[in-house]
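Chain by chain, the residues run as shown.
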Amino acid sequence: MFSIPEQFSNATKANFEAQFAIFSTLTNKAFEGVEKFVDLNLTAAKASLEETSATTKQLLAAKDPQEFFSLATAQAQPSAEKTIAYGRHLATIATSTGAEFSKAAETQIAETNRKVISLVDEVSKNAPAGTENAVALFKSAIGNATAGYEQFTKTAKQAVESFESNVSAAVNQFNTAAAKVAPVKK
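Every value quoted in this text rests on a predicted model; they were computed, and no experiment measured them.

Caption draft 1: Seen up close, the packing of aromatic side chains. Tallied over the entire structure, the rule returns one aromatic pair. Aromatic side chains Phe 68 and Phe 69 sit 5.5 Å apart centroid to centroid with 85 degrees between the ring planes, which places their arrangement in the edge-to-face category. A relative accessible area of 34% places Phe 68 in the partly exposed class. Looking at Phe 69, the relative accessible area reads 54%, which means it is exposed.

Structure representation (structure tokens):
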């Protein structure tokens with residue numbers, strides 16, 4: 001049987017290891033999200049440069065102002081669609097990274113919570129008589145902290161859902177406005 005100081009020493013070590021694990025996991029998720037964002041921007045910049053070059057050549061080859069404005073107007077719809085696609089892709093990266101962050105944090109925090117409760121239960125078995133109220137108070141505090149975290153998680157998920165909804169609404173409004181400005185040619 002371990003003594004109480006040894007149990008707390010082991011618990012402290014386990015807690016440090018858990019914190020390091022969650023930090024490593026969240027750091028990796030952050031870098032994955034940044035990597036996706038950079039890749040998206042590089043791809044978009046390369047495509048934009050190529051399209052701008054081709055469009056400029058077409059515009060410079062226009063024979064009269066009417067053809068020039070006709071070509072310029074024809075580019076509005078594809079440009080708007082590409083902007084919408086970029087926005088959707090960016091929102092997907094943000095929401096998936098946020099979801100992965102939440103999932104990783106939930107897993108690590110649940111495991112840490114389980115270990116703390118296990119430690120409290122083990123220590124309370126060996127606790128001196130008369131400390132039952134202190135142990136009950138400590139367990140209550142852990143329960144309250146867990147409930148607070150669950151509420152925070154619920155609120156964060158609602159915020160992500162709201163963000164997704166707002167991005168989708170903005171994209172739809174932009175798409176509608178772009179369609180009115182440059183109707184699709186048939």
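Having seen the structure, we can now continue with the description.
Caption draft 2: Spotlight on the environment of Ser 48. You can see Ser 48 is positioned in helix H1 (residues 4-60). Taking relative accessible area as the criterion, Ser 48 reaches 38% and is therefore assigned partly exposed. Here the alpha-carbon distance between Ser 48 and Lys 82, two residues 34 residues apart in the chain, equals 9.4 Å.

Caption draft 3: Quick look at the side chain of Thr 97. Assignment of secondary structure puts Thr 97 in helix H2 (residues 65-126). For Thr 97, a relative accessible area of 15% translates into the label buried. Ignoring anything within four residues of it in the chain, the contact list for Thr 97 reads Lys 29 and Gly 33.

Caption draft 4: Summary view of the pattern of salt bridges. Applying the stated criterion across every chain yields a total of two salt bridges. Across the salt bridge formed by Lys 29 and Glu 100, the nearest N and O atoms sit 3.9 Å from each other. Remark: Glu 100 occurs in helix H2 and Lys 29 occurs in helix H1; sequence separation between them is 71 residues. Residue class for Lys 29 comes out partly exposed when judged on its relative accessible area of 22%. For Glu 51, the salt bridge goes to Lys 82, with nearest N and O atoms at 3.0 Å. Highlighted residues: Glu 51 in helix H1 and Lys 82 in helix H2, separated in sequence by 31 residues.

Caption draft 5: A look at the environment of Gly 33. Within the secondary structure, Gly 33 sits in helix H1. Put simply, Gly 33 and Thr 95 are 62 residues apart on the chain and 9.8 Å apart in space, counted from C-alpha to C-alpha. Gly 33 has contacts with Ile 93 and Thr 97, leaving out every residue within four places of it along the chain.

The rules behind these values
- Residues numbered from 1 in each chain as written.
- Predicted model: local features only at pLDDT ≥ 70, side-chain atom pairs only at ≥ 80, totals over all residues.
- Heavy atoms only, no water.
- Phe/Tyr/Trp six-rings, centres within 6.5 Å; stacked < 30°, edge-to-face > 60°.
- Buried < 20%, exposed > 50% of the residue type's maximum accessible area, 1.4 Å probe, protein only.
- Helix = DSSP H or I, 4+ residues; strand = E, 2+ residues; numbered from the N terminus.
- Contact = heavy atoms within 4.5 Å.
- Salt bridge = Lys/Arg side-chain N within 4 Å of Asp/Glu carboxyl O.

Limitation: the analysis is restricted to geometry and does not speak to function.
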